[in-house]
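# Fold and geometry: a report
The chain contents come next:
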Amino acid sequence: MFFSKPETLELYLPLRLDRLKEDEDNGIISLEAWGEVMGKRQYLSSSYSLKEPAMYGDGRYEKMLEELDRLSEGAEDESDIPRNKKVKVVLTIKKGKVKKGLIDLESLAEITGDMGFLAMELLGWGIGEKSCINK
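Procedures and definitions
- Residues numbered from 1 in each chain as written.
- Predicted model: local features only at pLDDT ≥ 70, side-chain atom pairs only at ≥ 80, totals over all residues.
- Heavy atoms only, no water.
- Pairing = 2+ DSSP bridges.
- Helix = DSSP H or I, 4+ residues; strand = E, 2+ residues; numbered from the N terminus.
- Axes fitted to C-alpha atoms, helices over the stretch in contact; angles between N-to-C directions.
- Contact = heavy atoms within 4.5 Å.
- Salt bridge = Lys/Arg side-chain N within 4 Å of Asp/Glu carboxyl O.
- Parallel < 35°, antiparallel > 145°, perpendicular 65-115°, else oblique.
- Nonpolar A, V, L, I, M, F, W, Y, C, P; charged D, E, K, R; others polar.

Here the focus is the sheet that holds strand 7 (residues 120-128). Spatial strand order, 2-3-4-7: 4 strands in an open sheet with antiparallel pairing. Since the sheet does not close on itself, it has two edges, and those belong to strand 2 (15-17) and strand 7, each with one partner. On average, each strand axis in the sheet is tilted by 25° relative to the strand beside it, whichever way the strands run. Looking at chain direction, strand 3 (residues 29-37) and strand 4 (residues 40-50) are connected through 9 bridges and run antiparallel. Counterpart to Ser 30 in the pairing with strand 4 is Ser 47. Seen against the sheet, helix 3 (residues 60-72) touches strand 2, strand 3, strand 4 and strand 7 and runs at an angle of roughly 130° to strand 2.

Attention now goes to the sheet that holds strand 6 (residues 97-103). Strand pairs in the sheet, formed through backbone hydrogen bonds, run parallel or antiparallel to each other. An order of 1-5-6 is seen for the 3 strands of this open sheet, with the pairing classed as antiparallel. At either margin of the open sheet sits one strand with a lone partner, and together these are strand 1 (7-13) and strand 6. Averaged over all adjacent pairs, the angle separating strand axes in this sheet is 25°, with direction ignored. Where strand 1 meets strand 5 (residues 87-94), 7 bridges bridge the pair, whose relative direction is antiparallel. Paired with Glu 10 across the bridge in strand 5 is Val 90. Against the sheet, helix 4 (residues 105-112) engages strand 1, strand 5 and strand 6, with an angle of about 165° to strand 5.

Another point: the pattern of salt bridges. Enumeration according to the criterion identifies 10 salt bridges in this entry. Across the pair Glu 24 and Arg 19 runs a salt bridge whose closest N-O atoms are separated by 2.8 Å. Ionic pairing is found between Glu 129 and Lys 40, a salt bridge with its closest N-O pair at 3.1 Å. Of the two residues, Glu 129 is situated in the segment after strand 7 and Lys 40 in strand 4; the sequence distance between them amounts to 89 residues. Salt bridges here are not isolated pairs; linked through shared partners, they connect Arg 19, Glu 24 and Asp 69.

Within a regular strand, side chains alternate between the sheet's two faces. Of the pairings in the sheet, the one linking strand 5 to strand 6 comprises 6 bridges and is antiparallel in character. Bridge pairing in strand 6 places Thr 92 opposite Lys 100. The antiparallel hairpin formed by strand 5 and strand 6 contains 2 residues in its connecting segment, where Lys 95 sits at a positive phi of about 55°.

One way to put it is that helix 3 packs onto helix 4 with a least axis distance of 11 Å and a crossing angle of 85°. Classified by the angle between their axes, helix 3 and helix 4 sit roughly perpendicular to one another. For the pair helix 3 and helix 4, contact is made by Glu 67, Leu 68 and Leu 71 and by Leu 108, Ile 111 and Thr 112, respectively. Taken together, the residues of the contact of helix 3 with helix 4 break down into 4 nonpolar, 1 polar and 1 charged.

Right, dumping it as structure tokens:
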């Protein structure tokens, strides 16, 4: 039997915060990276919780949301967003399909200047041709 080895693809994509009341009530941060992936416009959605419960009570969670709001502002066209405002996304591809997609939290911490993003834990992710953010 023949097994193909997964490939890793690293991209820099714009990022926006998906502000859902239910998420904020439960301390969840939902993000969407978007752009050209394997020749098609794709949207990578990821949801996170904070590993350190104290971050919810000391104002760091709200500060992180504000930083993500600022990062999310601006152009809707990927080409209008400078590289230093894009986050690194790492995709694992097998047989031409994305099997795993992760936002690089070190990249996010670097572009926001907030190391609190390193204390996030992935709850779930998905990728598709339609945005999950209701505009």
